Amino acid sequence: MPIPVPTTIATGLSDAVGSAYRQLTDQLLIADAGSGHIVSVTAHAHVKTVLGTGFSAPSDIALSSDGLHAYVTENPGTLLRLALTNLNRAAATVVA
């Protein structure tokens, strides 16, 4: 069996450091620390969209099991909870 060939699905990210895949919408959510954005890439169509702004340096993202929220870590050491309907930093709840 041949080794799989990597496929580039998005370019133009400043510093993609963490990601989570949302199967329901076929989206890869990416914490882009360099730009301070949460970016979505449609995994099969490769369409890139900015979903959230205003972060100082998002470092990772995880999706809740209820399918309604995302948890974002922001340097230095802040854990945020956001509704998937509004991923802007201004709408975040500080968890810790």
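Nothing here was measured: the structure is a model prediction, and the numbers come from that model. Along every chain, residues carry numbers that run from 1 in the direction the sequence is written. Where totals are concerned, whole chains, interfaces and linings use all residues; where local detail is concerned, this predicted model gives features only for residues with pLDDT of at least 70, and gives and counts side-chain atom pairs only at 80 or more. Side-chain metrics rest on all non-hydrogen atoms present in the structure, leaving aside hydrogens and water.

## As for the side chain of Asp32
As for its placement among the helices and strands, Asp32 is situated in strand β2 (residues 27-32). Beyond its immediate stretch of four places on either side in the chain, Asp32 contacts Leu13, Ser14, Asp15, Ala16, His37, Val39 and Pro58. Every helix listed is a DSSP run of H or I at least four residues long, and every strand listed is a run of E at least two residues long, numbered separately from the N terminus. Residues count as neighbours in contact if any of their non-hydrogen atoms are within 4.5 Å of one another.

## Comments concerning the environment of Leu79
With respect to the helices, strands and loops of the structure, Leu79 is situated in strand β7 (residues 78-83). Whether a residue is buried, partly exposed or exposed follows from its accessible area with a 1.4 Å probe, protein chains only, as a fraction of its type maximum: under 20%, in between, or over 50%, in that order. For Leu79, a relative accessible area of 27% corresponds to the partly exposed category. Ignoring sequence-local partners within four residues, the contact set of Leu79 consists of Tyr71, Val72, Thr73, Thr93, Val94, Val95 and Ala96.

## Considerations on unusual backbone geometry
Residue Pro76 is reached from Asn75 by a cis peptide bond, and omega for that bond is 5°. Relative to the helices and strands, Pro76 resides in the loop between β6 (69-74) and β7. In this model, Asp26 sits at a positive phi of 55°, which is unusual for a non-glycine residue. Within the secondary structure layout, Asp26 lies in the loop between β1 (16-22) and β2.

## A look at the sheet that holds β7
Taken in spatial order, the four strands make up an open sheet running β5-β6-β7-β8, and their pairing is antiparallel. The open sheet is flanked by β5 (58-63) and β8 (93-94), the only strands paired with a single partner. Pairing of β6 with β7, which is carried by six bridges, proceeds in the antiparallel orientation. Directly across from Thr73, in β7, lies its bridge partner Leu79. Two strands make a pair as long as DSSP finds a minimum of two bridges between them.

## Some details on the nonpolar core
Considering soluble globular proteins, one finds that nonpolar side chains tend to be buried as a cluster. Side-chain atoms within 4.5 Å are what join buried Ala, Val, Leu, Ile, Met, Phe, Trp, Tyr and Cys residues into a set we call a nonpolar core. Core analysis: the largest hydrophobic core is formed by 13 residues, its most contacted members being Ile38, Phe55, Ile61, Val72, Leu82 and Leu87. Elements represented by at least two residues in this core include exactly β2, β6 and β7.

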